[in-house]
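Residue-level listing of the chains:
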Amino acid sequence: MAERCNYLWRLMATAVAFSVFGLGGVLFSLIVFPLLTLLIRQPARRIALSRRVVQLSFAAFIRLMRALGILSYRIVGAEKLRRPGLLILANHPTLIDVVFLISLLPNADCIVKSSLARNPFTRGPVHASGYICNDSGEGLIEDCIRSVRAGNNLVIFPEGTRTPLDGGFKLQRGAANIAVRGHCAITPVTISCEPRSLAKGVPWWSIPSQPMRFTIEVLDDLPVAPFLEGQNEAMAARGLTRFLHDFYLTTSSLHANPGI
């Protein structure tokens, strides 16, 4: 009976948390970010402040989920993120991975789907924060390199989508191309969630039997120079993608029991 009550409470709490997130997104889009655009004319200052607002709101959302008993988390190596100009690559087991990472970064940049720039829940922060839309074609890689060189901390999920529950894991080559062509060291982050939930194809209301336990670990930087030795950029990007594929398979819990 106690387990059943706990489950029902977490189900209700999850609905409350995501409702707050959605409502907050609308209010920020309608009020906060238009005010920032109106009051702050300098684009660089406006973008920096908008990103700080996003960081604080995401951190508040994570704390809300923890206070409601939906999840707990442990972050290892967060001090490594307190540097400018990082290319941060992470695996992507759950829906809220980007929320966790941006909550740790006051000047985060990221690649967003163009649909998010039109979504009423997300278009305000996307536009005000100057995030990179994925519809820029061949210029996308150059946009990402410029962002890192400008001192932004660029967050990328090389899978391009959440890891499915069946453990299928495939990396796109875009992240490696950015690292190779921009000569950017990689700051790898591994994210694990036990029991698995909020995965690809899993609706938010399909909650696990126990609260989610997140472990987010920031690892030491990976230099790209060794991959460029004796190789052209295309071959180096292929080799780096293969390396990252094996790296994330061995350092993150991608094949954990979903527990749903």
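Residues numbered from 1 in each chain as written. Predicted model: local features only at pLDDT ≥ 70, side-chain atom pairs only at ≥ 80, totals over all residues. Heavy atoms only, no water.

Points about the confidence of the model for the protein
Looking at the protein as a whole, its pLDDT mean stands at 90, while 95% of the residues score no less than 70. Across the protein, the secondary-structure element scoring lowest on mean pLDDT is helix α4 (residues 123-128), at 80, and the one scoring highest is strand β2 (residues 87-90), at 98. Contacts for the low-pLDDT stretch residues 254-260, under 50 throughout, to residues beyond four places or in other chains number 26 contacts. (pLDDT = per-residue confidence, 0-100. Helix = DSSP H or I, 4+ residues; strand = E, 2+ residues; numbered from the N terminus. Contact = heavy atoms within 4.5 Å.)

Comments concerning helix α8 (residues 233-251)
Taking 1.5 Å per residue as the helical rise, α8 with its 19 residues ought to reach 27 Å, and the 26 Å between its terminal C-alpha atoms agrees with that figure. Three or more residues of α8 are buried, namely Ala 236, Ala 237, Gly 239, Leu 240, Thr 241, Leu 244, Phe 247 and Tyr 248. The inward-facing, buried residues of α8 contact β2, α6 (174-182), β6 (186-194) and α7 (225-228). (Expected span 1.5 Å × (residues − 1). Buried < 20%, exposed > 50% of the residue type's maximum accessible area, 1.4 Å probe, protein only.)

Quick word on the nonpolar core
Soluble, globular proteins show a tendency: their nonpolar side chains are buried together. Membership of the largest hydrophobic core comes to 43 residues, with the highest contact counts inside it found for Met 65, Ile 96, Leu 101, Val 189, Ile 191 and Phe 214. Those elements giving two or more residues to this core turn out to be α1 (2-39), α2 (43-67), β2, α3 (97-103), β3 (108-112), α4, β6 and β7 (212-218). Take this core: its biggest share by element is 6 residues, from α2. Leaving out residues up to four positions away in the same chain, Ile 96 has contacts with Phe 18, Phe 61, Met 65, Leu 71, Leu 198 and Phe 214. Formed by 29 residues, the second largest nonpolar core is a distinct cluster that contains Ile 132, Ile 178, Val 224 and Ala 237. (Core = buried A, V, L, I, M, F, W, Y, C linked by side-chain atoms within 4.5 Å.)

Considering the packing of helix α5 (residues 139-149) against α6
Contact geometry for α5 and α6: axes closest at 9 Å, N-to-C directions at 60 degrees. With respect to α6, the element α5 is oriented oblique. As α5 runs across α6, the sense of the crossing is right-handed. Within the contact between the two elements, α5 uses Ile 141, Glu 142, Cys 144, Ile 145 and Arg 149 and α6 uses Asn 177, Ile 178, Arg 181 and Gly 182. For the contact of α5 with α6, the per-class residue count stands at 4 nonpolar, 2 polar and 3 charged. (Axes fitted to C-alpha atoms, helices over the stretch in contact; angles between N-to-C directions. Parallel < 35°, antiparallel > 145°, perpendicular 65-115°, else oblique. Left-handed = near helix turned anticlockwise from the far one by under 90°. Nonpolar A, V, L, I, M, F, W, Y, C, P; charged D, E, K, R; others polar.)

A short note on the packing of aromatic side chains
Aromatic rings in a pair are described by how distant their centres are and how their planes are angled relative to each other. One pass over the structure, following the stated rule, counts 11 aromatic pairs. Taking 5.3 Å as the distance between ring centres and 85 degrees as the angle between the ring planes, the aromatic pair formed by Phe 247 and Tyr 248 counts as edge-to-face. With relative accessibility at 1%, the residue Tyr 248 sits in the buried group. Among the aromatic residues, those joined into a cluster by ring pairs are Phe 18, Phe 21, Phe 58, Phe 61, Trp 204 and Trp 205. (Phe/Tyr/Trp six-rings, centres within 6.5 Å; stacked < 30°, edge-to-face > 60°.)

Focus: the state of the cysteines
Here a disulfide denotes one covalent bond, and it connects the sulfur atoms of two cysteines. Within this structure, the stated rule accounts for 0 disulfides. Here Cys 144 is not cross-linked by a disulfide; its sulfur's nearest cysteine counterpart is in Cys 184, at 9.6 Å. (Disulfide = S-S within 2.5 Å.)

A word on the pattern of salt bridges
In the structure shown here, the tally under the stated rule is 5 salt bridges. Taking the shortest distance from any N to any O, the salt bridge between Arg 83 and Asp 221 comes out at 2.9 Å. You can see Arg 83 sitting in the loop between β1 (71-76) and β2 and its partner Asp 221 sitting in the loop between β7 and α7, a full 138 residues away along the chain. We classify Asp 221 as partly exposed; its relative accessible area is 32%. The residue Asp 143 makes a salt bridge to Arg 146 at a minimum N-O spacing of 2.4 Å. Pair noted here: Asp 143 and Arg 146 are both in helix α5, with a separation of 3 residues, about one helical turn. Relative accessible area serves as the criterion here: at 25%, Asp 143 is assigned to the partly exposed category. (Salt bridge = Lys/Arg side-chain N within 4 Å of Asp/Glu carboxyl O.)

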